[in-house]
Amino acid sequence: MEARKFYLDIQSRQFVGGPDNNLAASTPVFFEEDVESIELYFLRPNASAYDYVDYSSNTVKFAVGTTTPAALQLTWSTIASAVTATITSLVTGGSGSNEQQQITLSPKPVSGGFALQLPSRSVTVSTVSTGVFTAADHGLYNGQSVTLTAFSLTASSVANGSAYFVIRNSKDTFSLASTASSTTALAASVTSGGGTVNLDAITTGQLTYNASPADVQSAFVAAGLTENDQPQLTVTGTAGAQYVVTYGNGSANRDYANLTIVGSTIAAATGLSANVNFATSEIAALVAAGTTSAKLEVEVAGSGKRQTYQDDVTLSADIISSASPAPVPAGSSSFALLDSSSNQWIISIDPDGTLSATKTP
């Protein structure tokens with residue numbers, strides 16, 4: 001089940017609405033006999049909203065009650081901040097189909113950056129004639145640097161293993177020049193057949209963790225994936241969460257290896273989590289006495305300092321009774337009790353006054 005999240009402004013010492021909302025948080029309601037998954041996130045104000053702060057090295061106490069804790073949590077687990085990037089092919093490019101790849105970041109990052117890389121690839125050339133290389137749907141752009149492999153060259157100004165630049169490209173043909181700015185095609189011919197043209201990996205500049213689809217598309221353009229001022233890869237999706245990259249124009253009708261994420265420093269929110277038990281006799285006693293207004297207090301201790309956060313809360317009785325009555329009913333020799341992990345135990349007493357605890361299946 002979804003955890004209940006609390007956001008704490010470490011400067012103003014108050015509970016706030018969220019990482020993008022500095023208004024006071026709404027009053028929460030806690031129900032007796034519930035065991036809730038609670039997450040705490042500590043925030044430092046910045047120019048626009050908040051940055052997450054890692055408080056995992058501190059001692060954190062969480063309590064709900066009036067003058068003393070009626071529910072208390074002392075131990076917490078650190079919420080993992082690693083972000084997993086998954087890149088999948090939605091449409092495999094080929095004759096009549098444009099490649100589509102999806103980038104998914106989970107959980108959604110809150111800091112850092114990343115770059116995208118198109119893997120190196122090889123283009124099979126079928127023929128070479130008077131300096132014109134023929135390769136169906138090659139997807140190469142003017143100005144890209146390539147090297148040649150396995151050509152049976154004759155009377156040519158190009159050689160296997162050397163780097164050249166693509167010029168005069170069309171859907172299925174291109175020529176080569178000695179510099180990126182040259183318009184003069186180098187002489188190239190073969191005794192027979194073709195060979196392979198190799199293109200190095202292409203890497204974008206660094207993108208922020210919350211880059212928009214338009215930002216990602218612009219990064220591809222800046223990396224040279226453009227032709228006649230038209231982007232060759234278009235990007236749609238949701239900033240910082242999911243992007244769909246479509247290979248079009250000069251990149252159409254080809255099968256491409258999946259993009260990869262490189263140079264990543266993206267991270268998810270840092271926080272603390274615990275299962276907090278409200279099935280206590282103290283909570284039940286407050287509710288039974290009609291005391292529904294209480295306090296939520298979080299105390300943080302570290303480096304010889306202590307911070308305290310308080311907020312108003314409401315206590316409410318459950319209308320669906322659990323198997324763990326609290327307080328202990330009078331006249332009974334046993335009762336059921338839930339531990340902090342929601343495991344049920346049967347507590348019983350024998351005539352000699354010896355208590356025993358048996359965990360139920």
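From a predicted model like this one, the values you see are computed outputs, not experimental measurements. (Residues numbered from 1 in each chain as written. Predicted model: local features only at pLDDT ≥ 70, side-chain atom pairs only at ≥ 80, totals over all residues. Heavy atoms only, no water.)

**Some words on the side chain of Arg121**
- Here Arg121 lies in strand β13 (residues 121–125).
- For the buried residue Arg121, which engages in no salt bridge, the nearest side chain bearing the opposite charge is Asp255, 10 Å off.
- Within the local environment of Arg121, its side chain forms a polar contact with the backbone oxygen of Gly139, the two atoms lying 2.9 Å apart.
- Other than its neighbours up to four places away in sequence, Arg121 contacts His138, Gly139, Leu140, Val197, Asn198, Leu199, Arg254 and Tyr256. (Helix = DSSP H or I, 4+ residues; strand = E, 2+ residues; numbered from the N terminus. Buried < 20%, exposed > 50% of the residue type's maximum accessible area, 1.4 Å probe, protein only. Lys, Arg positive; Asp, Glu negative; His and termini not counted. Salt bridge = Lys/Arg side-chain N within 4 Å of Asp/Glu carboxyl O. Polar contact = N/O pair within 3.5 Å; in protein donor to acceptor, adjacent residues only side chain to side chain. Contact = heavy atoms within 4.5 Å.)

**Describing unusual backbone geometry**
- In the segment running from Ser106 into Pro107, the intervening peptide bond is cis, with an omega of -10°.
- Here Pro107 is to be found in the loop between β11 (100–106) and β12 (113–118).
- Unlike most non-glycine residues, Ala150 shows phi in positive territory, near 65°.
- For Ala150, the location among the structural elements is in the loop between β16 (145–149) and β17 (163–167).
- Phi is positive for Asp229, which is not a glycine, with a value near 65°.

**Quick notes on the nonpolar core**
- Ranked by internal contacts, the top residues of the largest apolar core, which has 43 residues, are Phe174, Val197 and Phe220.
- In contact with Val197, not counting residues within four places along its chain, are Arg121, Ser122, Val123, Val125, Leu140, Val146, Thr147, Leu148, Phe151 and Phe174.
- Listed in part, the 30 residues of the second largest apolar core include Phe15, Phe42, Val276 and Ile283. (Core = buried A, V, L, I, M, F, W, Y, C linked by side-chain atoms within 4.5 Å.)

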